[in-house]
Amino acid sequence: MKKKSAIYLLLGLAAVLLIGSTVGSTRAALTYYSENYVAEITVSQIGVSLLENGQVVSSRDYEKNQWKVSTNRGDGSASGALLLNLLGEGEKLALNKWYNEKLTVKNSGTIDTYVRVRIYKYWIKDGKKVTTLSPDLIDLNLVNNEKWIANPNKTAECTELFYKGILPSGSETEAFADTIRIDGAVASEASVETKGNIITTTYKYDGVEFHVDVEVDAVQTHNASDAIKSAWGVDASDLGIL
């Protein structure tokens with residue numbers, strides 16, 4: 001019984017995907033959990049993929065006793081990137097304009113799963129996170145809240161969503177987001193300094209980049225309540241996702 005419980009937990013931790021992106025520059029990282037134990041899973045093949053506007057950003061699947069990773073970079077990188085095609089050639093980002101950003105998850109493994117996503121929004125300047133700027137002004141429009149159940153314990157920077165019900169092998173979820181914009185309120189965040197006849201306006205958001213990171217992971221359906229509790233730390237029955 002101890003051995004079976006361990007396998008359930010390991011399956012719950014088997015696939016975790018972290019994607020990060022910015023406007024102006026993009027970055028991403030793939031995170032591996034319990035790599036030394038996952039190799040013991042030889043029968044079930046768990047896999048998960050993040051799709052943006054119908055295209056796979058990054059996927060990680062356990063096949064033939066090893067992890068297979070593919071990304072939209074196409075250069076052998078272990079991580080993909082969001083928002084690469086947000087702007088057209090020569091186009092500049094416009095405030096208050098909605099851009100297409102349909103995000104879905106696909107079960108790219110051979111077993112049915114439950115799925116969770118975590119969305120992180122924040123600002124970066126000179127390579128460092130700026131905690132004084134509001135993540136709420138990065139407006140990612142979340143949709144299908146009857147299928148994507150939000151964890152009530154969310155923060156301004158992080159939103160956690162759970163897909164309601166089983167995602168069968170090969171199936172794709174309904175979108176959890178469909179558009180994105182930068183709130184025009186960023187232009188009103190400014191300080192004005194007057195020295196004689198010279199007036200200097202400094203915008204609080206000048207020179208910053210916005211980041212949207214999406215983390216996707218999945219757990220197997222067998223003994224789901226225990227697996228979800230172990231992997232995600234929540235009670236599935238309380239959230240109503242089973």
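Residues numbered from 1 in each chain as written. Predicted model: local features only at pLDDT ≥ 70, side-chain atom pairs only at ≥ 80, totals over all residues. Heavy atoms only, no water.

A separate point is the nonpolar core. Among the nonpolar cores identified, the biggest contains 34 residues, and Trp123, Phe176 and Phe210 are the most heavily contacted of them. If you list the elements that add at least two residues to this core, you get strand 2 (47-52), strand 5 (99-106), strand 6 (113-125), strand 8 (138-142), strand 10 (158-163), strand 11 (177-182) and strand 14 (209-220). Sorting elements by how many residues they give to this core places strand 14 first, with five residues. Core analysis: the second largest hydrophobic core is formed by 13 residues, Val219, Ala231, Trp232 and Val234 among them. (Core = buried A, V, L, I, M, F, W, Y, C linked by side-chain atoms within 4.5 Å. Buried < 20%, exposed > 50% of the residue type's maximum accessible area, 1.4 Å probe, protein only. Helix = DSSP H or I, 4+ residues; strand = E, 2+ residues; numbered from the N terminus.)

Time to look at the packing of aromatic side chains. The geometry of an aromatic ring pair is captured by the separation of the ring centres together with the interplanar angle, meaning the angle of the planes. According to the stated counting rule, one finds three aromatic pairs in the structure shown. Measuring from ring centre to ring centre gives 5.2 Å for tryptophan 148 and phenylalanine 176, while their planes differ by 65 degrees; the resulting arrangement is edge-to-face. Taken as a pair, tryptophan 148 in strand 9 (residues 148-150) and phenylalanine 176 in the loop between strand 10 and strand 11 lie far apart in primary sequence, 28 residues in all. For the pair tryptophan 148 and phenylalanine 176, a shared accessibility class is recorded, and that class is buried. Aromatic pair phenylalanine 162 and tryptophan 232: ring centres 5.5 Å apart, planes at 50 degrees, arrangement tilted. (Phe/Tyr/Trp six-rings, centres within 6.5 Å; stacked < 30°, edge-to-face > 60°.)

Our focus in this paragraph is the pairing of strand 10. Across the six residues of strand 10, six count as buried, placing the element largely inside the fold. Judged by which residues are buried, strand 10 turns out to be covered on both faces: Cys158, Glu160 and Phe162 on one side and Thr159, Leu161 and Tyr163 on the other are all buried. Both strand 6 and strand 10 contribute to a ladder of five bridges, which runs antiparallel. The residue bridging valine 117 from the neighbouring strand is leucine 161, located in strand 10. (Pairing = 2+ DSSP bridges.)

The topology assignment puts lysine 121 in strand 6. Residue lysine 121 is classed as buried on the basis of its relative accessible area of 13%. Considering only alpha carbons, one finds lysine 121 and aspartate 213, 92 residues apart in sequence, at a separation of 6.6 Å. In contact with lysine 121, other than residues within four places in its own chain, are Pro135, Asp136, Ile138, Leu140, Ala156, Glu157 and His211. A polar contact of 2.8 Å, which involves the side chain of lysine 121, links it to the backbone oxygen of isoleucine 138. (Contact = heavy atoms within 4.5 Å. Polar contact = N/O pair within 3.5 Å; in protein donor to acceptor, adjacent residues only side chain to side chain.)

Counting all residues, the mean pLDDT for the protein chain is 78, and 75% of those residues have values of 70 or more. Every residue in residues 1-43 scores below 50 in pLDDT, and together they form 118 contacts with partners more than four places removed in sequence or on other chains. (pLDDT = per-residue confidence, 0-100.)

Bringing the sheet that holds strand 5 into the picture now. Judged by pairing direction, the sheet is antiparallel, and its six strands sit side by side in the order 4-3-2-5-11-8 without closing on themselves. Of all the strands in the sheet, just strand 4 (66-71) and strand 8 have a single pairing partner and so form its edges. Pairs of neighbouring strands in the sheet enclose a mean axial angle of 15 degrees, with direction left out of account. Sheet analysis places strand 2 next to strand 5, joined by four bridges and oriented antiparallel. The residue bridging leucine 50 from the neighbouring strand is valine 105, located in strand 5. (Axes fitted to C-alpha atoms, helices over the stretch in contact; angles between N-to-C directions.)

Now for the pairing of strand 14. Judged by how many residues are buried, strand 14 sits mostly within the fold: eleven of twelve residues are covered. With twelve bridges joining them, strand 6 and strand 14 adopt antiparallel strand pairing. From the neighbouring strand, valine 117 faces strand 14, where its bridge partner is valine 216.

Another point: helix 3 (residues 224-232). All of the buried residues in helix 3 are Ala224, Ala227, Ile228, Ala231 and Trp232. What you see down the axis of helix 3 is that its buried residues fit within an arc of 95 degrees, all on one side. Once helix 3 finishes, glycine 233 follows within two positions and takes phi at roughly 75 degrees, a positive value. (Arc of directions from axis to C-beta.)

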